[in-house]
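Commentary on secondary and tertiary structure
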Amino acid sequence: MNPLFPFEWIVATRFMREGRMQTLLIIGGVALGVSVIVFISALISGLQSNLFRRTLDFQAQIVILPPEEIARPLRGLNYQKANKQESVLVQARAQRLRSIDQWQKVRDQLLLMKNVTVVAPVVSGAGFVIRADANRAITLTGIEPENYLRLIALKDKIIAGSANVTSSDILVGIELAKDMGVSMGDKLTLRTASGGTATLMISGIFDFGNKGQNQRAVYVAFRTAQSLLNLAGGASSLEVNVADPFSAENIAQDIQAQTGLKVESWIATNAQFFSALAAQSMSNTIIRFFVGLTAALGIASVLVVSVVQKSKEIGLLRATGTSRQQVLRIFLLQGALMGLMGSIVGSLMGWGFLMLWRGIAKNADGTPLFVINFDPMLFLYAALGATLVGTLAAMFPALRAARLDPAVAIRG
Amino acid sequence: MAEYDDAITLRLEGIRKAYGVGTPAETEVLHGIDLILKRGEFAALIGPSGSGKSTLLNIIGLLDQPNQGKLFITGQSTELLKDIELTRLRASEIGFIFQFHNLLPAFTALENVMLPRLAELGHPNEEMRLIAAELIEKVGLTPWKEHKSNDLSGGQQQRVAIARALVMNPALVLADEPTGNLDTKSADSVFDLMREMNKTNGTTFLIVTHDPRLAQRCDRIIEMVDGNIASDKENLNVLKIGDNNTHIS
Ligand SMILES: Nc1ncnc2c1ncn2[C@@H]1O[C@H](COP(=O)(O)OP(=O)(O)OP(=O)(O)O)[C@@H](O)[C@H]1O
Ligand SMILES: [Mg+2]
């Protein structure tokens, strides 16, 4: 007996070792449950962070636009309700390209807000690229590279040239370059609906891993876009990143309240994606709950049986000076230890499954299908959670053991 | 052993015990027991099956509560004690020896003897190991001290139980048919051992036995019949240790 261990620990571990088969089976059961939780949690969080990255790679977290020009109905709302038959025709006005009023002031105001990490002014609009007979519709985005390149991962997506556009440069996607039959250093003519035309040199080619983006997106310098889109000195939007992407919606609402501008967060524009995430998290929670419940029931039933089997020994302990509280702790400790040991074995098993899965789930080129998020804290939480569940599950059997009448227990 | 002036280990006054109180099956099994055990006494409790011997022993050992009456152990009233105080008093003043299941099979002989001290202190130490080893030596089981209790014979297990009953140096040892499960030879030697411990330590013993031959070797014989003490007398011709062949009934 190790003098470092308390009495309750010594008795609890001896009892567990004595019921070796029961103990091993329940630890195996808890381990299986924990391994499922570890595996699924790592998989889901890996999946989610992959999706985040793919979304936020080419999208700012918050986009600020000029206020919409509102088309007013001819009659009031009350009137509409009263006379349902009479439909009121309201045609949304076509939104023309406008600048944010005094965008520099708004930008400076945004930069003072805490959490805001990047503010990049952008001029964007529709246009065509033309070369010989070929032309393609594109979305033109004018950027200040020093700000914009901190906003999205454009720099990482460049496969040729550089993302630092100057006033005579243009960045095109890999699909557009293929369609137009152009490559680095070639010239392309750009024309917009407002009549602006410029011939620019291809200084970089990017690949967003998304065909639509690679066909349509075109980047030029901020001033070049201003003149092409007839928006001298203006910015059609301000794009913002914040420290925590998940707080983007709240911050967007703050900005809207402060500036009166139209503000959209990536959370609002990807609402469907987020509701899918929420459903995923919910199902993960449900799985955890039921695995926890199953483990608790298993531990409780093993201990209930153990209390019955050991009632004479419990009576003997009580007769020889062991208090009710000590008996209680002996059984609570067994539950806690079963949970803890199950979670340790289960974490290792879950880790093994993940490694196995990583070996199996691969892209055609051999790279992992998605990066698995491997948060060591998950193991800590699993251990704490399982220990807690084990202790709670042991509560009922432990109370039974503590309340045993020693005279009856010994008489048997 | 605690010191006390009047040299009275145990005093019972009007102990009554009924089972199934408040139900139609209510039966009183102890009808007002008065009893005094003096320090160092070696007393036998005899009587027919169902006469209430075990019930009385459990009440004296604070494992069970009487419905009426008073119980003093080494002069201390147990009337108003809470469960935890009863546990402490039991741990320090009373040693138990039962007929069956005396030992925890998950522990060695030595560890079983240590258990009461371990429960009291909360963690093991060298001192309790030495005390237990000394008692194991006294009951003649030193070669067996590291064996799990299931490896021991019935007589050896009872010897371990005697050592454990004495490890807290209690005022009173209560033994409920300690030899009931043993062959004659083992029973005699276990009995002799208790007698020896009583002589050398001055510990008071109250021993329930069905064996008149063993009862005759006690200083005092208390007989219970139907929940009353029917007779209680000094045994004037106590048989000596080793007088195994004489049979008096
Ligand atoms: N928990 C209980 N509930 C109801 N009746 C009980 C209970 N314990 C004992 N009794 C009854 O009390 C009476 C005395 O029992 P006790 O065990 O004290 O007798 P005993 O003298 O020890 O008998 P034995 O020699 O067979 O051990 C018996 O009639 C028994 O049936
Ligand atoms: Mg009995």
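Residues numbered from 1 in each chain as written. Chains lettered and ligands numbered in written order. Predicted model: local features only at pLDDT ≥ 70, side-chain atom pairs only at ≥ 80, totals over all residues. Heavy atoms only, no water.

What to know about the site of ligand 1
- For ligand 1, the set of nearby residues contains 13 residues, the closest of which are Ser49(B), Gly50(B), Lys53(B), Ser54(B) and Thr55(B).
- One chain alone does not account for the residues near ligand 1; they come from chains A and B.
- Between an oxygen atom of ligand 1 and a side-chain N or O atom of Ser49(B), the distance comes to 2.4 Å.
- Ser51(B) is positioned with one of its backbone polar atoms (N or O) 3.3 Å from an oxygen atom of ligand 1.
- Protein chains bury 64% of the 630 Å² of accessible surface belonging to ligand 1 in isolation.
- Ranked by the residues each element gives to the shell around ligand 1, the list is headed by helix α1 (residues 53-60) of chain B, at three residues.
- Taken together, the residues of the shell around ligand 1 sort by class into three nonpolar, seven polar and three charged. (Near = heavy atom within 4 Å. Polar contact = N/O pair within 3.5 Å; in protein donor to acceptor, adjacent residues only side chain to side chain. Areas by Shrake-Rupley, 256 points an atom, 1.4 Å probe, with all protein chains shown as cover. Helix = DSSP H or I, 4+ residues; strand = E, 2+ residues; numbered from the N terminus. Nonpolar A, V, L, I, M, F, W, Y, C, P; charged D, E, K, R; others polar.)

What to know about the nonpolar core
- One finds Phe331(A), Leu12(B), Met194(B) and Leu206(B) to be the most contacted residues of the largest nonpolar core, which totals 115 residues.
- Once residues lying within four places of it in the same chain are set aside, the contact partners of Phe331(A) are Phe15(A), Leu303(A), Ser306(A), Val307(A), Ile314(A), Ala394(A), Ala398(A) and Ala401(A).
- Judged by nonpolar contacts, the second largest core, of 49 residues, contains Ile62(A), Ile170(A), Ala252(A) and Leu277(A). (Core = buried A, V, L, I, M, F, W, Y, C linked by side-chain atoms within 4.5 Å. Buried < 20%, exposed > 50% of the residue type's maximum accessible area, 1.4 Å probe, protein only. Contact = heavy atoms within 4.5 Å.)

Side note on the domain arrangement of chain A
- We note that the domain assignment places domain 1 (7-55 + 274-411) and domain 2 (95-260) within chain A.
- When each unit is reduced to the centre of its C-alpha atoms, the spacing between domain 1 of chain A and domain 2 of chain A is 52 Å. (Domains from an automatic or database assignment.)

Some details on the sheet that holds strand β1 (residues 8-19) of chain B
Residue and element names in this part refer to chain B.
- Strands sit in the order β2-β1-β4-β5 across an open sheet of four strands; the sheet is antiparallel. In this open sheet, the two strands that pair with only one neighbour each are β2 (27-38) and β5 (76-77).
- Alignment of β1 against strand β4 (residues 68-73), held across five bridges, turns out to be antiparallel. Residue pairing for β4: leucine 12 is matched across the bridge by leucine 71. (Pairing = 2+ DSSP bridges.)

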